[in-house]
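Chain by chain, the residues run as shown.
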Amino acid sequence: MSTKLSVEHVYKVFGANPRRALERVERGEGKDEIFAATGMTVGVSDASFEVREGEIFVVMGLSGSGKSTLVRMLNRLIDPSAGAIYIDGKDITKMTRRQLIDLRRHEISMVFQSFALMPHQTVLENTAFGLTVAGVDSDEGREKALAALDAVGLKANAQSYPDELSGGMKQRVGLARALAVNPGILLMDEAFSALDPLIRTEMQDELLRLQSEQARTVVFITHDLDEAMRVGDRIAIMQAGEVVQVGTPEQIVRSPANDYVRSFFRGVDVSHVFTAADVARRDQVTVIERAGVSIRAALARLEEHDQPAAVVHDRARLYQGVVTVDSLLACLKTLGRKDEGHIEDAFVANVRPVAGDTPLTELMTQVAESDWPVPVVDAQGRYAGAISRATLLHTLNRTEQGAA
């Protein structure tokens, strides 16, 4: 996945003489110390990260952590005090006003917490607003706006006015307006936080559905952990203006960078975070199915490792099945002394592999009821590991251990 957006050592200081504050930052002074001495506020301090093309990149933090200041620097609604911001390799901090206007009209769209709809315009006119400002022909703009409304399920409401819509519908119009210009980057600043919980979940589902149909690069700002975990491919955690950790939800839950990050994820139900591939172990005894590997050879391998079961895969690691000491011995009883038999005859019938992207919530019952570790396979059917009851219990206990 290529890099769409790159933030390199970006600072934002609010005050009359940012350079003075930056010098104090370089000397190691903290945000509160600098404010006490200068009256200036360090909103963002030395932020660096990359956003990959087509991912939903969530920036999360408490109120005052700098996340909204950061997102507004990504399209230069706020100018950085120092650092560089690259979009498709171009440093937008060096762009002229005309270049910035063109960037905002064609490359970046923004969805705010407030719906920001014009009450005297129809839903269609509100959706086409950005296209009109960009000078798009009215017929073409109407067509694109209708397509965007159709994408969010509001085409039938094109001639309605904002006061005729619910809160969720208004936010869908805001989303359609952003999508209508077909931006390369979509910035969403607390876009769903003003909505009721049920409608908020529906909007999250809508975003994920749209992303599955056409993956866009999305920078999504939120203070809500559940929302971040639900929509984010990766999450950046901000604390006092600094980006203190960037990673997938799984990586951050597994290895929080500090107590601040740990406090966010304390009590998180990891069964909603981890997938089968995240927790599968590769130390299960395996047997490679190939010429010369017989039932007797497989039984000898299990006895050598003192294990009751083994996963069978071929040389390309394609999953074949599971054998156990009992299933192998049962097959041997039906064979003559010189007959080596075929290993597939000893496969255990009730063991079903699971896909690596299966959430733990969907396989806990299967693992709990299985007498043997449950095999995990990737999208091509290659063996990726196995999950035993002990492995599952250890994973589910991680939250309590992290909270201790």
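- An unreviewed UniProt entry lists the protein under the name Quaternary amine transport ATP-binding protein, with Salinisphaera aquimarina as the source organism.
- Word for word, the UniProt comment on the protein under Sequence similarities (unreviewed entry) is "Belongs to the ABC transporter superfamily."

### Here we look at the overall build of the protein
So, step 1. Of the regular secondary structure elements, the protein holds 18 helices and 16 strands.
So, step 2. Seen through its C-alpha atoms, the protein measures out along the principal axes to roughly 90 × 55 × 40 Å.
So, step 3. Looking at the protein as a whole, 49% of its 404 residues are labelled buried.
So, step 4. Partitioning the contacts of the protein with sequence separation of at least 6, the portion at a separation of at least 24 is 67%.

### Some details on empty space enclosed by the protein
So, step 1. All chains considered together, the criterion is met by 2 cavities of 30 Å³ or more.
So, step 2. Here the largest cavity is characterised by a volume of approximately 40 Å³.
So, step 3. For the lining of the largest cavity, the secondary-structure elements that each account for two or more residues are helix H8 (167-180) and helix H9 (197-213).
So, step 4. Counting residues per element, the lining of the largest cavity draws most heavily on H9, at 3 residues.
So, step 5. Residues of the lining of the largest cavity, tallied by class, amount to 6 nonpolar, 2 polar and 1 charged.

### Points about the layout of surface pockets
Leftover empty space is mapped by rolling, across the atoms, a probe with the size of a water molecule.
So, step 1. The space that makes up the largest pocket amounts to roughly 580 Å³.
So, step 2. Those elements that provide at least two residues to the lining of the largest pocket are helix H4 (97-106), strand S6 (108-111), helix H6 (129-133) and H8.
So, step 3. Among the elements that take part in the lining of the largest pocket, H4 stands out by supplying 5 residues, more than any other.
So, step 4. In terms of residue class, the lining of the largest pocket is made up of 13 nonpolar, 4 polar and 4 charged.

### Considering the pattern of salt bridges
So, step 1. Counted according to the given criterion, the structure contains 19 salt bridges.
So, step 2. Where Glu-29 meets Arg-24, a salt bridge forms, and the shortest distance between an N and an O atom there is 3.0 Å.
So, step 3. Residue Glu-29 pairs with Arg-27 through a salt bridge whose shortest N-O separation is 3.5 Å.
So, step 4. Given the relative accessible area of 56%, Arg-27 is considered exposed.
So, step 5. Via salt bridges that share partners, Arg-172, Glu-206, Arg-209 and Glu-213 belong to a single interconnected network.

### What about the side chain of Arg-76?
So, step 1. With respect to the helices and strands, the residue Arg-76 is situated in the loop between helix H3 (67-73) and strand S4 (82-87).
So, step 2. The exposure class assigned to Arg-76 is buried, which follows from its relative accessible area of 15%.
So, step 3. A distance of 2.8 Å separates a polar atom in the side chain of Arg-76 from the backbone oxygen of Ile-92.
So, step 4. Beyond its immediate sequence surroundings of up to four residues, Arg-76 is in contact with Ile-92, Thr-93, Lys-94, Met-95, Leu-100 and Arg-104.

### Digging into H8
So, step 1. When the terminal C-alpha atoms of H8 are compared, their 20 Å separation across 14 residues agrees well with the 20 Å that a helix rising 1.5 Å per residue should span.
So, step 2. Burial within H8 is extensive, with 11 of its 14 residues counted as buried.
So, step 3. Residues of H8 that are buried include every one of Gly-168, Gln-171, Arg-172, Val-173, Gly-174, Leu-175, Ala-176, Arg-177, Ala-178, Leu-179 and Ala-180, and no others.
So, step 4. If you follow the buried residues of H8, they end up packed against S6, helix H5 (123-127), H6, helix H7 (138-151), strand S7 (185-189) and H9.
So, step 5. Following H8 by one or two positions, Asn-182 has its phi on the positive side, about 55 degrees.

### A short note on the nonpolar core
So, step 1. Judged by nonpolar contacts, the single largest core of 59 residues is most densely connected at Met-60, Leu-175, Met-188, Phe-220, Ile-237, Phe-265 and Ile-387.
So, step 2. Ranked by residue count, the leading element in this core is H8, at 6 residues.
So, step 3. In this structure, Met-188 is in contact with Val-111, Leu-175, Leu-207, Val-218, Val-219, Phe-220 and Ile-221, ignoring residues within four places of it in sequence.
So, step 4. In terms of nonpolar packing, the next biggest core, distinct from the first, is built from 29 residues, Ala-47, Leu-70, Met-73 and Met-95 among them.

### Describing the packing of aromatic side chains
Remark: the centre distance and the inter-plane angle together describe each pair of aromatic rings, the angle taken between the planes.
So, step 1. For the structure shown, the criterion picks out 2 aromatic pairs.
So, step 2. Note on Phe-49 and Phe-57: the rings are 5.0 Å apart at their centroids and 15 degrees apart in plane angle, and the pair reads as stacked.
So, step 3. Under the relative-accessibility criterion, Phe-49 is labelled buried at 6%.
So, step 4. Owing to a relative accessible area of 0%, Phe-57 belongs among the buried residues under this scheme.
So, step 5. Sitting above the plane of the Phe-14 ring, Lys-12 keeps its charged end 5.4 Å from the centroid.

### What about the sheet that holds strand S16 (residues 383-387)?
Where strands meet in a sheet, backbone hydrogen bonds hold them as pairs that are either parallel or antiparallel.
So, step 1. Here 3 strands make up an open sheet; going across it, the order is S14-S15-S16 and the pairing mixed. Taken across any chain shown, the strands that pair with only one partner, and hence form the sheet edges, are strand S14 (354-355) and S16.

How each quantity is defined
- Residues numbered from 1 in each chain as written.
- Predicted model: local features only at pLDDT ≥ 70, side-chain atom pairs only at ≥ 80, totals over all residues.
- Heavy atoms only, no water.
- UniProt positions renumbered as here; feature names shortened; annotations may be inferred.
- Helix = DSSP H or I, 4+ residues; strand = E, 2+ residues; numbered from the N terminus.
- Buried < 20%, exposed > 50% of the residue type's maximum accessible area, 1.4 Å probe, protein only.
- Contact = heavy atoms within 4.5 Å.
- 1 Å grid on protein atoms, 1.4 Å probe; cavity = no way out; pocket = protein on both sides within 12 Å on 5 of 7 lines; lining within 4 Å.
- Points joined across faces, edges and corners; volume = space filled by probe spheres on them.
- Nonpolar A, V, L, I, M, F, W, Y, C, P; charged D, E, K, R; others polar.
- Salt bridge = Lys/Arg side-chain N within 4 Å of Asp/Glu carboxyl O.
- Polar contact = N/O pair within 3.5 Å; in protein donor to acceptor, adjacent residues only side chain to side chain.
- Expected span 1.5 Å × (residues − 1).
- Core = buried A, V, L, I, M, F, W, Y, C linked by side-chain atoms within 4.5 Å.
- Phe/Tyr/Trp six-rings, centres within 6.5 Å; stacked < 30°, edge-to-face > 60°.
- Lys NZ or Arg CZ within 6 Å of the ring centre and 35° of its normal.
- Pairing = 2+ DSSP bridges.

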